[in-house]
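Analysis of the macromolecular model
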Number of protein chains: 2
Amino acid sequence: MPASSLKIGMIGLGVVGTGVAKLLFEQQERLAKKAGRPLELTKIAVRDPSKPRDINIPDSIITSHWEDVVNDPSLDVVVELAGGTTWTKKAILDSLASGKHIVTANKALLATHGKEVFDCARKYNRCVAFEASVAGGIPIIGALTQGLAANKIIGLRGILNGTCNFILTSMSETGDSYQNALEEAQKLGFAEADPTMDVDGTDTAHKLAILVQIAFGQTVPFSAIDRVGIAGLNNIDIHFAHELGYGIKLLAEAWINDGKLAVHVSPVLLRMHSPLAQVRGAYNAIQVIGDAVGDTLHYGLGAGRMPTASSVVADIIDIAVGRAQNTFTSMNLWSDSSSVTPMLLSDDVNSRYYLRLLVEDKPGVLADVTRLLANHQISIASIIQHEAQGENANGKVQLVIMTHLSKCGKFKAAAKELTRLDCVSGSAVHYPVED
Amino acid sequence: MPASSLKIGMIGLGVVGTGVAKLLFEQQERLAKKAGRPLELTKIAVRDPSKPRDINIPDSIITSHWEDVVNDPSLDVVVELAGGTTWTKKAILDSLASGKHIVTANKALLATHGKEVFDCARKYNRCVAFEASVAGGIPIIGALTQGLAANKIIGLRGILNGTCNFILTSMSETGDSYQNALEEAQKLGFAEADPTMDVDGTDTAHKLAILVQIAFGQTVPFSAIDRVGIAGLNNIDIHFAHELGYGIKLLAEAWINDGKLAVHVSPVLLRMHSPLAQVRGAYNAIQVIGDAVGDTLHYGLGAGRMPTASSVVADIIDIAVGRAQNTFTSMNLWSDSSSVTPMLLSDDVNSRYYLRLLVEDKPGVLADVTRLLANHQISIASIIQHEAQGENANGKVQLVIMTHLSKCGKFKAAAKELTRLDCVSGSAVHYPVED
């Protein structure tokens, strides 16, 4: 075992970076034992060196220029925790070119520039480790690249965004509106001031692109991932879902269907007893189904300082013992040898659907709606219409329909036509339904 | 990447062995891609070569002598799936001595002779991989050795025996007696003809000993693991647990308490909404709590042909790419450098308890029982006594008490005294209670 220390530089000292520094400084002995040699954090590039931090870091290792990290010839590894896809991409490519391994949590960069980054690493015979880029502390990258390596993955679905799951859990458990739940999440630090990338499904889709690369060996262009977020989700739908025995979760899904690969991000009605439906608050979980192993679930905190730092430091240890290099070479991700399974068009995805319409409370409405669905060969599994109550009803009533399996394209066309009926107000709200 | 194939010999072609052979023969291309080179199963030792099997294996690679595998100089890896601790130990030690890596699912051997096996591997510079020895297809060994390597593990608890969980699930969902549920499990192939090692907690304790070695770096003598199984568990206790909002699961637990290591295997009342309480049938799950990552859960099928084969073949791939060797060296398990955290005596474990007594239905009984508990400073959290009903009551009634935290030794002494009261029939039944 090499006794020389592994020299580490870090770019970014925000929430996760501080956690990584904390582990590397405060747990030296225990980490050295796991890594077979000391892990030495010797340079950190930060945006603002004068910013107060709740950890003591010697001034001598702090720099405000990321180039100082990239160009330091003594470093073995660069840990990139700054995020973004502009100068951080350059920082990573330059670090690789100068012979450093990379540990990163940057899902956006991998999802959109994975091939460029990995090709560069291959060119310079270095590796890129990225356990922290998906689902924070959950070792899902390791599970897919190693523990489940004997399997052909049939499908995976996951709750990959803690902010969204926190908001959905609040809405579900307190009856709060989306807006109130979002503000509560912001107050508690579970949502950022600008939560757009989280609540519109972008962050979830980035993570899905990474999981698909590993699980199916396929590079899916980010634009090919059908995305619906949770922004503006109406708590009346959560209420109806409960009544029907379901919860609503923002799921990232990828599965093989008749030899084609289907991927999407969407709020989904999940049967209440499903393990994923029971994932609460800022937790994440990923269900992976393999042809040999069957059904597995991987659960833990999907974000936050120490959980994400746990994965970053695990990657550093993997590099110190040489495993990450082996994995990088054997997996050959984002390479020309990637699979090219044809994509299943979202219109061709078969699903059951939840459909909610605000309709006039008068004779013939149900007949019109169900006739239109029948004309599209969409079969109704169950239906809820409660008696109109109170003064807010305005002669209108919520009509909720659960369908049997239908092609997505056909269902959406029907939903569009429904909103054109005179008896229907506003848009049809609909979500896929799963077990 | 080395292009030469990895030559594999296997000892044992039972349920799991057949699954491994199936994967290695039928998924050659996909596995070679993951392993960076072909995986070639070239020799299999079986007890009875003439036994019909549901897989086509060339006669030329079958032998009835395990020595033929051990002594074959062309092999790189020996996969031991015969189980037991007598001749299989010799087969493994001899294989290591002749320069072969080992992949094994043999939890009994590792739990009781881990040091001898690992010392031998170190001596000959070979590695032992054992993902399949705990929780079948769940990659929990990988998670502990790698994904969670940055953590100090604070505690873990798991459902590690599919047979027991299948029986408990049946009892819980159908109201079946233990005996009927066991017979049903045997009929469906979820329990062996002689289920002793499963239902008395031995198998679970073997697996716990392995997890403790990895999570806490400590060799716990098998005899030091306090064990209570599920044999003879009364479904009346499952019924009362439900009424109180709990399920009963056979848990393996290990945690650090005031600098001491506590370990035990026991049926435990788990609050119904706890993720572990919801693990049904033959599934396993392990909850691992780390100081950085927080709470994680790892869930999947804990036994069976293909799930266990999934883990065996993952280990073979890990050896082919060189990761298993790195892990073996850096973890240095079952070595002289193992930790020696003092053990917490089971009498000193603090727990809440479920206590059931069959008592006479007459004045003063409740006063006697509660007075005795009070004398032992055991505080009552809740109590259930239903009205005696029907002709079977015989003037007796079940009294169920949930306690607040109490030291195990003190509680057990009180329970023993309770059974000596004239008003109490038979033994006090008691289980720990957890969230």
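Residues numbered from 1 in each chain as written. Chains lettered and ligands numbered in written order. Predicted model: local features only at pLDDT ≥ 70, side-chain atom pairs only at ≥ 80, totals over all residues.

Glancing now at the overall build of chain A. Helices and strands together make up the secondary structure of chain A, namely 15 helices and 17 strands. The C-alpha radius of gyration computed for chain A amounts to 24 Å, which stays within 12% of the reference 22 Å derived for 435 residues, consistent with globular compactness. If one aligns the C-alpha atoms of chain A with their principal axes, the spans along those axes are about 80 × 45 × 35 Å. For chain A, buried positions account for 54% of its 435 residues. The long-range share in chain A, meaning contacts at least 24 apart out of those at least 6 apart in sequence, stands at 75%. (Helix = DSSP H or I, 4+ residues; strand = E, 2+ residues; numbered from the N terminus. Rg over C-alpha atoms; globule rule 2.2 N^0.38 Å. Buried ≥ 20, exposed ≤ 12 C-beta atoms within 10 Å, placed from the backbone. Contact = placed C-beta atoms within 7 Å.)

Once chain B is rotated about the relating axis by 180° and shifted along it by 0.0 Å, it coincides with chain A to within an RMSD of 0.0 Å. Viewed as a symmetry operation, the transformation between the two copies matches a two-fold axis. Comparing interface residues between copies, 100% of those in chain B also sit at the interface in chain A, which points to an isologous, same-surface contact. (Least-squares fit on C-alpha atoms with pLDDT ≥ 70 in both.)

Let us look at the nonpolar core. Counting residues in each nonpolar core, the largest one holds 304 residues, and the members touching the most others are Val20(A), Leu208(A), Val313(A), Ile316(A), Leu208(B), Val313(B) and Ile316(B). Excluding residues within four positions of it along the chain, Ile316(A) makes contact with Ile8(A), Leu39(A), Val77(A), Val79(A) and Val103(A). (Core = buried A, V, L, I, M, F, W, Y, C linked by C-beta atoms within 7 Å.)

Right, let's talk about the domain arrangement of chain A for a bit. Residues and elements named next belong to chain A. Here the domain parsing of chain A yields domain 1 (6-136 + 307-331), domain 2 (140-302) and domain 3 (347-434). The interface is formed by 16 residues belonging to domain 1 together with 20 residues belonging to domain 2. Contributing elements (two or more residues each) for the side of domain 1 that touches domain 2: helix H5 (107-123) and helix H13 (323-331). When residues in the side of domain 1 that touches domain 2 are grouped by element, the largest group, seven residues, is from H5. Taken together, the residues of the side of domain 1 that touches domain 2 sort by class into eight nonpolar, five polar and three charged. (Domains from an automatic or database assignment. Nonpolar A, V, L, I, M, F, W, Y, C, P; charged D, E, K, R; others polar.)

In this complex, chain B contributes 48 residues to the contact, which on the side of chain A involves 48 residues. The set of elements that each furnish at least two residues to the side of chain B that touches chain A consists of helix H2 (28-35), helix H6 (140-147), strand S12 (294-301), helix H12 (305-321) and helix H13 (323-331) of chain B. Here the element with the most residues in the side of chain B that touches chain A is H12(B); it accounts for nine residues. Of the strand pairs in this sheet, strand S12 (residues 294-301) of chain A and S12(B) are connected by three bridges, and their pairing is antiparallel. Bridge pairing links Tyr299(A) to Leu297(B) in S12(B). (Pairing = 2+ DSSP bridges.)

Turning our eyes to something else, we now look at the pairing of strand S5 (residues 101-104) of chain A. Residue and element names in this part refer to chain A. Alternating positions in S5 separate into two faces, His-101 and Val-103 on one and Ile-102 and Thr-104 on the other, with burial throughout. Across four bridges, strand S4 (residues 77-80) lies against S5 in parallel orientation. Within S5, the position partnered with Glu-80 by the bridge is Thr-104. With helix H4 (residues 87-97) bridging S4 and the parallel S5, this β-α-β connection has right-handed handedness. Here two bridges tie S5 to strand S6 (residues 128-129), and the two strands are oriented parallel to one another. Bridge pairing in S6 places Val-103 opposite Ala-129. Taking the sense of rotation as the criterion, the β-α-β connection linking S5, H5 and S6 turns out right-handed. (Right-handed = clockwise from strand over helix to strand, strands pointing away.)

In this section: the environment of Leu372(A). Residue and element names in this part refer to chain A. By secondary structure assignment, the location of Leu-372 is in helix H14 (residues 365-375). Using a count of 17 C-beta atoms within 10 Å as the deciding quantity, one classes Leu-372 as partly exposed. Leu-372 has contacts with Ala-414, Glu-417 and Leu-418, leaving out every residue within four places of it along the chain.

Attention now goes to the pairing of strand S9 (residues 246-257) of chain B. Residues and elements named next belong to chain B. Of all twelve residues in S9, nine are buried, a share of seventy percent or more. In terms of strand pairing, S9 meets strand S10 (residues 260-271) through twelve bridges, oriented antiparallel. The residue of S10 that forms the bridge with Leu-251 is Ser-266. Counted between consecutive antiparallel strands, the loop separating S9 from S10 contains two residues, among which Asp-258 sits at a positive phi close to 50°.

Okay, the sheet that holds strand S2 (residues 39-45) of chain B next. Residue and element names in this part refer to chain B. The parallel open sheet is built from six strands, whose spatial order is S3-S2-S1-S4-S5-S6. In the strand order of this sheet, the two ends are held by strand S3 (62-63) and strand S6 (128-129), each with one partner. For strand S1 (residues 6-11) and strand S4 (residues 77-80), the ladder comprises four bridges, and the chain directions are parallel. Note that in S4 the partner of Ile-11 across the bridge is Glu-80. Sheet strands touched by helix H1 (residues 15-26): S1, S2 and S4. Its angle to S2, the strand with the most contacts, is close to 150°. In this fold H12 packs onto S1, S2, S4, strand S5 (101-104) and S6, with an angle of close to 160° to the strand it touches most, S5. (Axes fitted to C-alpha atoms, helices over the stretch in contact; angles between N-to-C directions.)

Before going further, it helps to spend a moment on the sheet that holds S5(A). Strand order across the open sheet formed by six strands is S3-S2-S1-S4-S5-S6 (chain A), with parallel pairing between neighbours. Each of the sheet's edge strands pairs with one partner strand only, and the pair in question is strand S3 (62-63) and S6 of chain A.

Quick look at the environment of Val212(B) now. Residue and element names in this part refer to chain B. Along the chain, the position of Val-212 falls in helix H10 (residues 202-216). For Val-212, a count of 22 C-beta atoms within 10 Å puts it in the buried group. Considering only alpha carbons, one finds Val-212 and Trp-255, 43 residues apart in sequence, at a separation of 9.1 Å. When near neighbours in sequence (up to four residues on either side) are disregarded, Val-212 contacts Gln-218, Val-220, Ala-254 and Val-263.

Residue and element names in this part refer to chain A. At a minimum axis distance of 8 Å, the contact between H5 and helix H10 (residues 202-216) shows a crossing angle of 55°. On the basis of the axis angle, H5 is oblique to H10. Handedness of the crossing formed by H5 with H10: left-handed. Two secondary-structure elements touch here, H5 through Lys-107, Ala-108, Leu-110, Ala-111 and Gly-114 and H10 through His-206, Lys-207, Ala-209, Ile-210 and Gln-213. Split by residue class, the contact of H5 with H10 holds five nonpolar, three polar and two charged. (Parallel < 35°, antiparallel > 145°, perpendicular 65-115°, else oblique. Left-handed = near helix turned anticlockwise from the far one by under 90°.)

Time to look at H13(A). All names here are of chain A. Burial of H13 is extensive: eight of the nine residues sit out of reach of the surface. Within H13 the residues assigned to the buried category are Arg-323, Ala-324, Gln-325, Asn-326, Thr-327, Phe-328, Ser-330 and Met-331. After H13 finishes, the residue Asn-332 shows a positive phi value of roughly 50°.

Structurally, the position occupied by Ile141(A) is in helix H6 (residues 140-147). Remark: the alpha-carbon pair of Ile141(A) and Asp348(A), spanning 207 residues in sequence, is separated by 29 Å.

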